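Inside the fold
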Amino acid sequence: MSKVRDNPAEHRFELAIDGSHEIAAVYYGIGKDHFILTHTIVPERFSGQGIGSALARGVFDGLRASGRKAVLRCPFMAAYYARHPEYADIVDISNASETA
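Fair warning: this is a prediction, and the values are worked out from it, not measured in the lab. Numbering of residues starts from 1 in each chain and follows the order in which that chain's sequence is written. With pLDDT at 70 or above as the cut-off, local features in this predicted model cover only qualifying residues; side-chain atom pairs require 80 or more to be listed or tallied, and sums for whole chains, interfaces and linings still use all residues. Side-chain numbers here rest on the full set of heavy atoms in the structure, without hydrogens or water.

Some remarks on the packing of aromatic side chains
Two rings from Phe, Tyr or Trp (for Trp, the six-membered ring) form a pair when their centres are within 6.5 Å of each other. A pair whose planes differ by under 30 degrees is stacked, one over 60 is edge-to-face, and the rest are tilted. Under the counting rule described, the total for this entry stands at 6 aromatic pairs. Pairing Tyr28 with Phe35 gives two aromatic rings, centres 4.7 Å apart and planes at 85°, and the pair type is edge-to-face. As far as the burial class goes, Tyr28 and Phe35 line up, both buried. Ring pairs connect the aromatic residues Phe13, Tyr28 and Phe35, which therefore count as one cluster. Partly exposed describes any residue whose relative accessible area lies between the buried limit of under 20% and the exposed limit of over 50%, with all areas from a 1.4 Å probe on protein chains only and scaled to the type maximum.

Here is the structure:
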């Protein structure tokens, strides 16, 4: 699996899907000291193959490495976080009502 990269021009984190020219993406807005994760897209034909989970893990790991926090507005990212509480240090619930 490819590595998740930030594409600031498109306001999204991207994961290239191996063997394809397609990407999976998490869209975001930027707050003062955090990313507001708003929407996740995985091409339908790749659904159920773990690509969304790899993308979420890569986004959370990248944010942790950068010292930034995440506000979860995206249902997929929120569900991933609910299954992976080890990311509690980067999820900012104090800004939960903020929008992008």
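Some thoughts on the environment of Ala78
To qualify as a helix, a DSSP run of H or I must reach at least 4 residues; to qualify as a strand, a run of E must reach at least 2; elements of each kind are numbered from the N terminus. Tracing the sequence through the fold places Ala78 in helix H2 (residues 75–83). Judged by its relative accessible area of 31%, Ala78 is partly exposed.

A few points about unusual backbone geometry
Among all residues save glycine, negative phi is the norm, and among peptide bonds the norm is trans. Notably, His11 is not glycine yet its phi reads approximately 55°, a positive angle. Assignment of secondary structure puts His11 in the loop between strand S1 (5–7) and strand S2 (12–16). According to the relative accessible area criterion, His11 is partly exposed, its value standing at 40%.

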